[in-house]
Amino acid sequence: VRINRRTAIRGSIVLASMALVAENVNIPQFARIAPGILLVLALPGFALVCAILPAAEISPGELMLASLGASVAVATISAVLLAATVGLSQRSAAAVLAFITIVASICALLKTSRIRQAHH
Amino acid sequence: MPESPYAQSRSGRYASPEHHDAWPNPGYDSAPREAHPARHRKQRQRRKVAETSSHENGRLRIGPSISIAATTTLGLVCTQIANQRAFSGSKYSTNLAIFWIGLLIIFIPISVRLVMLRTGRTERITLAIFLGIAFYIVKIQGSPQTFTFVDEYIHLRNVQNILSTHHIFKYNPLLPTAAYYPGLAAITASLVDLTGLSNFIAGLIVIGVSRALVSACIFLIAEKVTGSDRAAGVASLAYSANPMFLFWSAMFSYEDLGLPLAFFAVWWLGRTRTAAAIQAQLLTVIVVLAVTVTHHISAFALAAILGLWFLVMLILRTPRTERRYIGPFAILVGTTSLTWFFLVAKPAASYIISQNLTPGLKEIQAMALKASAGRKLYGGGGGFTPPPWYELAGLVAVAIVTIGLIPAIFRAYMLFSTRRSDNLPYPRAPVIVMALIAASFPFTLLPRLTADGGALSSRTAEYVFTGIGCTLGLLAMDCTMHARYFRRLSQAVNWCFAAWRGTILLAVMMTVVFAGDVTVSNPYTALLPSSSHPTGYPSSVQPYVITASNWARVHLGSGQPFASDLIDSFALSTNGNENPVSAGTAYPIFFSATLDGATAALIRADKVRYIFADWNMRYGSAANAGGYYFSTWEPNSGKPGNVFPAVGLAKFTMYTCSHMIYHAGPVEIFNVTGIENGTCDPKLLAAKKGRS
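If you're wondering where the values come from, they're calculated on a predicted model, not measured in any experiment.

Draft legend 1. A look at the overall build of chain B. From N to C terminus, chain B includes 27 helices and 5 strands. Across the 692 residues of chain B, 57% fall into the buried class. Intrachain contacts of chain B at a sequence separation of at least 6 include 74% that bridge at least 24 residues. Accessible area of chain B: about 26900 Å², with a carbon and sulfur share of 64%.

Draft legend 2. Focus on the interface of chain B and chain A. At the junction of the two partners, chain B supplies 39 residues and chain A supplies 41 residues. A buried area of about 3300 Å², summed over both sides, lies between chain B and chain A, and 79% of it is on carbon and sulfur atoms. On the surface where chain B and chain A come into contact, there are 1 salt bridge. As a salt-bridge pair, Glu62(A) and Arg271(B) come within 3.0 Å of each other at their nearest N and O atoms. Summed over the shared surface of chain B and chain A, the number is 8 residue pairs in polar contact (both at pLDDT 80 or more). At the level of secondary structure, the elements contributing two or more residues to the side of chain B that touches chain A comprise helix H6 (183–195), helix H7 (199–226), helix H9 (255–272) and helix H10 (280–292) of chain B.

Draft legend 3. Inspection of the state of the cysteines at higher detail. Applying the stated criterion to the full structure yields 1 disulfide over all chains. Considering cysteine sulfurs only, Cys470(B) is the nearest to Cys217(B), which forms no disulfide, with 13 Å between them.

Draft legend 4. Main features of empty space enclosed by the protein. All names here are of chain B. Inspection of every chain in the model, using the stated rule, returns 8 cavities of 30 Å³ or more. Each pocket or cavity is described by its volume, and for the largest cavity that value is around 180 Å³. Along the wall of the largest cavity there are 14 residues; nearest its centre are Ile-221, Val-225, Val-266, Trp-309 and Pro-430. At the level of secondary structure, the elements contributing two or more residues to the lining of the largest cavity comprise H7, H9, helix H11 (296–315) and helix H16 (429–439). Counting residues per element, the lining of the largest cavity draws most heavily on H9, at 4 residues. Here the residues of the lining of the largest cavity are counted per class, giving 9 nonpolar, 1 polar and 4 charged. Roughly 90 Å³ of internal volume is contained in the second largest cavity.

Scoring rules and cut-offs
- Along each chain, residues carry numbers from 1 onward, in the same order as the chain's sequence is written.
- Chains and ligands are labelled sequentially in the order written, the chains with letters from A and the ligands with numbers from 1.
- With pLDDT at 70 or above as the cut-off, local features in this predicted model cover only qualifying residues; side-chain atom pairs require 80 or more to be listed or tallied, and sums for whole chains, interfaces and linings still use all residues.
- Think of the side-chain values as coming from all heavy atoms in the structure, minus any hydrogens and water.
- Each helix corresponds to a stretch of at least 4 residues labelled H or I by DSSP, and each strand to a stretch of at least 2 residues labelled E; elements are numbered beginning at the N terminus.
- Here's how the labels work: a residue is buried when its accessible area is under 20% of the maximum for its type, exposed when over 50%, partly exposed in between, all with a 1.4 Å probe on protein chains only.
- Whether two residues are in contact is decided by their heavy atoms: any pair within 4.5 Å suffices.
- Each accessible area is a Shrake-Rupley result for a 1.4 Å probe, and residues are judged covered by the shown protein chains and nothing else.
- Two parts placed together each lose some accessible area under a 1.4 Å probe, and the buried area is that loss summed for both.
- By salt bridge we mean one thing: a side-chain nitrogen of Lys or Arg within 4 Å of a carboxyl oxygen of Asp or Glu.
- We define a polar contact as two N or O atoms separated by no more than 3.5 Å, with the added condition that, inside protein, one atom must be a possible hydrogen donor and the other a possible acceptor, whereas residues neighbouring each other in sequence contribute only through side-chain atom pairs.
- In plain terms, two cysteine sulfur atoms within 2.5 Å form what is called a disulfide here.
- Method remark: on a 1 Å grid restricted to protein atoms, a set of points is classed as a cavity if a 1.4 Å probe fits but cannot get out and as a pocket if it is open with protein on both sides within 12 Å along at least five of seven lines; lining residues have an atom within 4 Å of a point.
- Grid points are joined across faces, edges and corners, and a volume is the space filled by probe spheres set on the points.
- Each residue gets one of three labels, nonpolar for Ala, Val, Leu, Ile, Met, Phe, Trp, Tyr, Cys and Pro, charged for Asp, Glu, Lys and Arg, and polar for the others, Gly among them.

And the structure:
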């Protein structure tokens, strides 16, 4: 099943928003597991790589690897920065990672739109 | 343009050298060697197979995939059985045999499939990742409920510190340096915060993802360097066969996050350095910073590799567009890592240089001057001597790698010395870098011959085997694809490596290297966990120690300075959240026969308020690799049959100022606050008799 990259980017915005909500409302712990893992280990990197390389310059496999590596790096740096400044907590971590994901996703969508327009 | 000697195909995928017309290596060119029709036919068939392989890149074949999944599952079942039997205290040699069978059932089918000609690129990279994950599961099987390796306790304490204070740089009694490299602890703490999972599960997920990352990056880097997915498969196998891969690289330790990130930085930089958009390098900056705050040696290694890469590119006069980011990033990593190392992580310099590097180098120097006899290899824990096959396997593995490196580096030199028609060298910087890294292998073995340098030597393997993998991968391609100089060398070699025999031979050699390297880095008695009801002094934290540590946290409060043996200090630090003083400085307190005079002075100097006495030290030799209870400096360390003297523990009940406040099973906790603050001078109680 091939998923359009723009659809995937939109999906990452939705997932990041859902994860942010899940971290800020009182829901059972098991319901936080999947969104939490995605928010730390997948979404920020995916959005960032899509924003950096908006055209299809990277194969799906490489995109997956780059998303994983970038997410780990982004989550590490943001966690260290939070813990060095305001303090690392559930809300601060969720807010920062969701913010990075959403902003990078919007950048990626804008860039891909521009590329599509240029092609047309 | 890619740096690889192999041209990049228009689709962006790197074609295998065996079927690439633009392949510059004289060993791969299509010039016919001998006018033998049958041989020509075979060559054409082989080339056809290689071409078929390249066309199958996009899909996984169902049959082989199911077979590999089945054999890997079977192997994991064997290792699980071995671990379960070890927990129940069954005979160690039988358990070990089952464990080895399991490991080989996992490794051999994957290695055969990885080096086969017909295997597609997607399948190869999937197998490389799959092997890494399978071995990660083997490590988890040995400690399924909690972290049990020494370094894991160190980083678990870091995670606990961040979760409890929400801030980094809090004191870590087990390794003060680790607190200043908070990358792993911070990402694990954020995962714990966001998911509500336990520290243990969150740590497993983080290291599992890092494991997949490192396996994929090694494959892709090797593919970029060698230009062949098959050579990359060999490189991945060689890397998986490095002595640290099975257990050490799977631990919850900062290196096991730092190194994958460093490899990711190299891959990403190599992948995007010719891209027009400078934004691509934003991610490189983020990754470099993440490596800097995660692990010191990984950051230094990254700086060294990028620096070497840039230097070789400069010497080879590589076009500026290809090297424009390499040099600046080498400088960036070098600057940030050194700044962090000397200005932020202040205890790190003492830890790395004074405690690890200098003793090893001094011993090598002493050995060279014949002032020191070095150490006996495979000494085992507590003087235990492993069976001869265990030692032999390690020596054979080292011999195969060392002997294989000679033609492999010669192969890299051939590539280096080949010139284009315009008399300029081919742009082959990565091959040269990898060959230089591989060439350092024999030198990294030297510290292994010293008493203190074993760990230093082992840890270099994770870096050196990247180069070894790439150069051996290139060599394997030469051998199996009938390179001319090998044909000249020997018809027998030619025959051995031809067609399916080459695949089998490569897989067998890789398996021997893997098995041997497992024996190199793991003492015979440490491959499986100890019994859940050990007799004598245990080699891992026991439930009664955890109970005592929990009691200490609840009744004495967190952060109390304890003196204890090494293994129990892990539980005190993590379960108890106490601050045990270094076992290396605490051992004289325990080994002394009296509590007055010098011992009281030591208690005051080390600011020890509580003594954690584990009477199990009396009932068996220390089973760790060095054969010690506290540190290598303690009396009779490493001597076979050595048990802790009873008077060392009994004295705490024989003096005033030392009050027993906890006693359950073999554990006693004594309050010596009076001695520590100088308000009480310990005197011998005539009425009390020591236990013996």
